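Commentary on secondary and tertiary structure
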Amino acid sequence: MSQPTIESILKEKRLFQPGAEFSQNAHIKSLDEYQRLYEKAAADPPKFWAELAEKELHWFKKWDTVLDWQPPNAKWFVGGQTNIAYNCLDRHLTTWRKNKAALIWEGEPGDSRTLTYAQLHREVCQMANVFKQLGVKKGDRIGIYMPMIPEAAIAMLACARIGAPHTVVFGGFSAEALKDRLVDAEAKLVITADGGWRKDAIVPLKEQVDKALEHGVPSVDNVLVVQRTGQNTHMEPGRDHWWHDLQANASGECPAEPMESEDMLFILYTSGTTGKPKGVVHTTAGYNLYTHITTQWTFDLKDTDVYWCTADVGWITGHSYIVYGPLSNGATTVMYEGAPRSSNPGCFWDVVEKYGVTIFYTAPTAIRAFIKMGEHHPKARNLSSLRILGTVGEPINPEAWVWYHRVIGKERCPIVDTWWQTETGGFMITPIPGAIPTKPGSATLPFPGIIADVVDLDGNPVGENQGGYLAIKHPWPSMMRTVYGDPDRFRRTYWEHIPPKDGQYFYFAGDGARRDETGYFWVMGRVDDVISVSGHRLGTMEIESALVSHPAVAEAAVVGKPDELRGEAIVAFVSVEEGYDAGDELDKLLKQHVVSEIGALARPAEIRFTDDLPKTRSGKIMRRLLRNLAAGQEIAGDTSTLQDRSVLDKLRSGA
Ligand code: WTA
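Not measured: the values here are computed from a predicted model.

**Things to note about the confidence of the model for the protein**
Of all residues in the protein, 98% have pLDDT values of 70 or greater, and the mean over the chain is 95. For the protein, helix α1 (residues 6–11) is the element with the lowest average pLDDT, namely 56, and helix α7 (residues 150–162) is the one with the highest, namely 99.

Given below as structure tokens:
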């Protein structure tokens, strides 16, 4: 029997494809066109990217070399000069887009603001001038710890404009976590707000910054504070400045600094398999090009679209697909401060209706929360403006996919399930709507120019429908360049996990995957000690280090267990030091301790006290067994390397 083709499966309706009219008007109109593009790109990736770079971006100076690949170090568009803030703002001002809405913002209490490209440009220039006034120079790092307000995007673009790399820290991280990141990045300036609104309460961000700086971040000499919530806020004389005070006298003109293609654009910290978060470094031109073109094709972006990504700017999704990708394309991007909450479970659908959102991009965990809140909320709103839906962050379960498709997309909107990572900068495996038919739960096929495969640890492709490691076999423009301050960790983690052979290098993503009979990719989840709680990446080691930093804790092991709403929930196995009582009180105390060390997103759902942890004879904690225990499953697999079987029996019996 011959292999089933995508076309034959489509006929059997195992795939979803929007109507013919959609495809006719799409950027990429058919599977054929995608395949041709893909093959052309695969035959000569640098040529493919160079053609797009020429067509899609403004350059102050053209590059000399498209790609300089000295594994694992890639340099793209070497010798070229550009500026991503220029591409996101200035170039639109000479077109009709000058007065188009660039940013539509909705605050949680219901206040709102729209900034046209001209207005956004002006505020970005003002903030860039304020940075200069505060002594910031090209190359200095700037910390951004902000709620979801326009000034968060303005701050990022102002950094990019003067060539000061930003490091955005998610507002849900604790003072301690903020401090670690500011210290590692040696930030010179921090931009924050008095507070932000989240679930009807004020998150006091400035207070957290004060705490972080109290613990000692010698590099920071100024803090710029945006007034958002208006509560009483301590301002340290000589160090802290209100944005509105300095903005009043700041010029709205500030030329964009010509940046070398490979100049650092930002650092974004992400969890890995050690206790220390990694500073993922992205650079200017390649990141700009890749986020630009993936936004355009994957969301089939049109000038009439109103695009809304519900992520936070503190994550890569907010960087690439709220700020840089959409604005580089001259799109209208929506930013929402709040989260669905019991006082307003329909708030997302209100935003869709109010602004006529056409493209909506969110996470499976949010979809599962919507399902729980009930379909009467979306059904009570007019969602007919929607034409494309997207999802990111974790594999989407069939139930969530079908609900999203039926209740939100009215069985009409394609769903783009985008697989990518902080490290990849942009979408790697994703449907292109209208061209690539979708199957629920599959991220489908690689973006043109991305050579992806599923391989074993020797780099050999595994067979059809066999599980293996997701790997990328050719550099791409928005790949991370290094781990900030730790090039060795970059090489080890990403490029040596699967050893290179015959000059072929493999980027190791840390995800397990399989390819089906049509070549579609199915991402199965992390294969390392990284767990995903509500789509947020957390290293189990990070949580363990937080736990053992408490004097009551002798040893801790953290695993994820399946959770209906959050994807995974955190379970910590803890043995306590002599003299401490393992009880409810300590349970509460330790959970709170993790919150203050990392943030509420890392709070363990469950702490299990135990005298001992199951270890191998060489002393390694056998997490696999703990995962089984946490999930309430039978212990699977080999336990012969276990040092002391009675530990396991005790844990099982709950003793
Ligand atoms: C997971 C978020 C399945 C994956 C952009 C990856 C996904 C990690 C998908 C990166 C998807 C992201 N299907 N899994 N569509 N998208 N992931 O760095 O495990 O926060 O390695 O970037 O999320 O998380 P990060």
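**Brief notes about unusual backbone geometry**
Along the chain, P71 connects to P72 via a cis peptide bond; the corresponding omega equals 0°. Examined against the element boundaries, P72 turns out to sit in the loop between β1 (65–70) and β2 (73–78). A positive phi angle, close to 50°, is found at E186, a residue other than glycine. Inspection of the secondary structure puts E186 in the loop between α8 (175–185) and β8 (189–193).

**Observations regarding the site of the ligand**
Every one of the 16 residues lining the ligand counts as a neighbour, but D417, T418, T422, D511 and R537 are closest to it. At 2.9 Å from an oxygen atom of the ligand is found a side-chain nitrogen or oxygen belonging to R526. Listing elements by their share of the shell around the ligand, those giving two or more residues are α12 (316–328) and β25 (521–526).

**A word on the sheet that holds β25**
One open sheet accounts for four strands, arranged β21-β22-β24-β25; its pairing is antiparallel. This sheet does not close on itself; its edge strands, each paired only once, are β21 (452–455) and β25. For this sheet the average axis-to-axis angle between neighbouring strands, irrespective of direction, equals 45°.

**Let's talk about the nonpolar core**
Counting 126 residues, the largest nonpolar core has W49, F77, F131, L157, L224 and Y324 as its most contacted members. In terms of residue count, α7 provides more of this core than any other element does, 10 residues in total. Not counting residues within four places of it along the chain, the set of residues in contact with F77 comprises W49, A50, A53, W59, W63, T65, V66, S261, A285, G286 and L289. By size, the runner-up hydrophobic cluster in this structure holds 40 residues, among which are F170, L547, I598 and I607.

Cut-off values and rules
Residues numbered from 1 in each chain as written. Predicted model: local features only at pLDDT ≥ 70, side-chain atom pairs only at ≥ 80, totals over all residues. Heavy atoms only, no water. pLDDT = per-residue confidence, 0-100. Helix = DSSP H or I, 4+ residues; strand = E, 2+ residues; numbered from the N terminus. Near = heavy atom within 4 Å. Polar contact = N/O pair within 3.5 Å; in protein donor to acceptor, adjacent residues only side chain to side chain. Pairing = 2+ DSSP bridges. Axes fitted to C-alpha atoms, helices over the stretch in contact; angles between N-to-C directions. Core = buried A, V, L, I, M, F, W, Y, C linked by side-chain atoms within 4.5 Å. Buried < 20%, exposed > 50% of the residue type's maximum accessible area, 1.4 Å probe, protein only. Contact = heavy atoms within 4.5 Å.

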